[in-house]
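Close look at the chain arrangement
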Amino acid sequence: MSHDRTVDVLIVGAGPAGLALAARLAGAGAGHVEVLEREQDAGGVPRHCHHGGFGGPVRPWLTGPAYARRAVRAAMVAGATVRTGVSATGWAGPLTLETTSPAGLERITARAVVLATGARERPRSARLVPGSRPAGVLTTGELQQAVHLYGQDIGRRAVVVGAEPVVRHAVRTLRRAGAEVVAVVTERPRGTAVPGVPLLTATTVGELRGRGRLSGVVVRHADGRTGILACDTVVFTGDWIPDHELARRGGIAVDRGTRGPAVDASFRTSVPGVFAVGNALHGVERAATAAAEGAAAAAPVLARLAGAPWPEAGPPLVVRAPLLWVTPNRLTDLTDLTALARRPLLLRSGEPLTAPVLTAAQDGRLLWRRRFPVRTAPSRSLRLAPGWTDRVDRSGGPVVLAIG
């Protein structure tokens, strides 16, 4: 039998975005603000990232665990309730979530629900890598948890797969655990170079081998050459996707580009009363970026609690290749445009860009054009000043962002 409760705001996910939002809302007197975290500890991914670089621009930078502890403390001091070991499993109504925990089943109804479920790396199964199912196959997150949180033995020879900067963190963690990194493998023409580790570009992992424990990976180069790298550990890194299962179960519209909930500049989803923030919207960004989005969502959530209407979604923002996604990805009303004036749009490309010229057009009408005198890697987002969005016709068609 489930226990029914009500709160004012229910936030799913105690990572940087959810905790920053909880602190703002509780500090503003939003009533009972409750944060649910399925892990045993709150703080999100930074908990097991023992490198520095977390926090604001004021040095010294914090390590991930220190940053996580500070975020948890801020939310609780403000008056928010942070519950760990609690999983939201589904929806019992538009603003009612079903949860499970060691204490039992609950149905929690809120005046506003915020999805801050974060992002995750695609594991081997989602990458459709064939072969046996041996031990020793990890993502970066699993690796860092095993080493930094549980002190587990990892192996002696490792291969790292991926091209994003997180490769460096995976290599550093493997070395700290005493493993030799025999190669970094990426299917892209360029990758993340790590001193002392061979970098194999334009190369894919074609098969995993081993019974019980991984014994090697078959690699295949773009020119057809193949080989076997002997190893007992392989770490799949990057290729982040929003953790969107709960959104899908709730019938919330998902953006085709980001694969996270589609939102406007006020973080409103397609379901009245349900917001989404942080890496749940777009895959991984820096913790500071996710936390800033969470804090920025406080104003629209407070407005909803005060009775603000839930407007119909306006024109969608869409992208053309090689661009992958943009967020926010809906333009709803003038309130949106005011919010956009304070926050940039995030835009991600699937290919490196050098001094790109970006354009925005609607129904064949050019709204905006600008050159960015920078070089941008696929793992980094461009930040677009949103001043041009006041030229959008709210009754018009999709707004298309492209390379001009």
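Description of the structure in this document. Keep in mind that this is a model prediction, so the values were computed, not measured.

So, on to the sheet that holds strand β9 (residues 157-161). Taken together, five strands build an open sheet; the order of strands is β8-β15-β9-β10-β11 and the sheet is parallel. At either end of the open sheet lies a strand with only one pairing partner, and these are β8 (137-139) and β11 (199-200). Pairing geometry for β9 and strand β15 (residues 233-236), over four bridges, is parallel. The partner of Ala158 across the bridge, within β15, is Thr233. Helix α3 (residues 140-149) contacts β8 and β15 of the sheet and is inclined by roughly 100° relative to β8.

It is worth spelling out the sheet that holds strand β14 (residues 226-230) at this point. Within the open sheet, the three strands sit side by side as β12-β13-β14. Their pairing is antiparallel. Edge positions in the open sheet fall to β12 (203-209) and β14, since each of these has one partner strand only. Between one strand axis and the next, the sheet turns through 30° on average, direction left out of account. Bridge count between strand β13 (residues 216-221) and β14: five bridges; the pairing is antiparallel. Paired with Arg220 across the bridge in β14 is Thr226.

Quick look at the layout of surface pockets now. The space that makes up the second largest pocket amounts to roughly 770 Å³. For the second largest pocket, the lining is made up of 35 residues, of which Arg122, Glu164, Glu187, Arg188 and Asp239 are closest to its centre. Contributions of two or more residues to the lining of the second largest pocket are made by β12, β16 (240-242), β19 (323-327) and β20 (345-349). Broken down by class, the residue content of the lining of the second largest pocket amounts to 14 nonpolar, 13 polar and eight charged.

So, on to the packing of aromatic side chains. Counted by the stated rule, this structure contains four aromatic pairs. Note on Trp368 and Phe372: the rings are 6.4 Å apart at their centroids and 70° apart in plane angle, and the pair reads as edge-to-face. Both rings, one in Trp368 and one in Trp388, keep their centres 5.5 Å apart while their planes meet at 20°; by these two values the pair is stacked. Here Trp388 lies in the loop between β25 (381-384) and β26 (399-403) and Trp368 lies in strand β23 (residues 365-371), a separation of 20 residues in the sequence. Residue Trp388 is classed as buried on the basis of its relative accessible area of 2%. Here a set of aromatic residues connected by ring pairs shows up, and it is made of Trp368, Phe372 and Trp388.

Glancing now at the packing of helix α1 (residues 16-27) against helix α2 (residues 64-78). It is at 7 Å that the axes of α1 and α2 come closest, and there the two elements cross at 25°. One way to sum up the angle between α1 and α2 is to call them roughly parallel. Handedness of the α1/α2 crossing: left-handed. Touching Pro16, Leu19, Ala22, Ala23, Ala26 and Gly27 of α1 are Tyr67, Ala71, Val72, Ala74, Ala75 and Ala78, all from α2. Of the residues that constitute the contact of α1 with α2, the class distribution is eleven nonpolar, one polar and no charged.

With that settled, the discussion passes to the nonpolar core. Generally speaking, a soluble globular protein has its nonpolar side chains buried in company with each other. In terms of nonpolar packing, the biggest core is built from 51 residues, with Ile11, Leu25 and Leu115 touching the most fellow members. Discounting chain neighbours no more than four positions away, the residues touching Leu25 are Val9, Ile11, Ala30, Val33, Ala298, Val301 and Leu302. With 19 residues, the next largest nonpolar core counts Leu353, Phe372, Trp388 and Val392 among its residues.

Looking now at the pairing of strand β5 (residues 96-101). Bridge count for strand β4 (residues 87-93) against β5 is five bridges, and the pairing is antiparallel. In the strand pairing of β5, Gly90 is matched with Glu98. The loop that links β4 with its antiparallel partner β5 comprises two residues. As defined by bridge partners, β5 adjoins strand β6 (residues 104-115) across six bridges and the pair is classed as antiparallel. Across the sheet, the residue bridging to Thr96 is Thr109, located in β6. A loop of two residues connects β5 with β6, the two strands running antiparallel in sequence.

Cut-offs used in this document
- Residues numbered from 1 in each chain as written.
- Predicted model: local features only at pLDDT ≥ 70, side-chain atom pairs only at ≥ 80, totals over all residues.
- Heavy atoms only, no water.
- Pairing = 2+ DSSP bridges.
- Helix = DSSP H or I, 4+ residues; strand = E, 2+ residues; numbered from the N terminus.
- Contact = heavy atoms within 4.5 Å.
- Axes fitted to C-alpha atoms, helices over the stretch in contact; angles between N-to-C directions.
- 1 Å grid on protein atoms, 1.4 Å probe; cavity = no way out; pocket = protein on both sides within 12 Å on 5 of 7 lines; lining within 4 Å.
- Points joined across faces, edges and corners; volume = space filled by probe spheres on them.
- Nonpolar A, V, L, I, M, F, W, Y, C, P; charged D, E, K, R; others polar.
- Phe/Tyr/Trp six-rings, centres within 6.5 Å; stacked < 30°, edge-to-face > 60°.
- Buried < 20%, exposed > 50% of the residue type's maximum accessible area, 1.4 Å probe, protein only.
- Parallel < 35°, antiparallel > 145°, perpendicular 65-115°, else oblique.
- Left-handed = near helix turned anticlockwise from the far one by under 90°.
- Core = buried A, V, L, I, M, F, W, Y, C linked by side-chain atoms within 4.5 Å.

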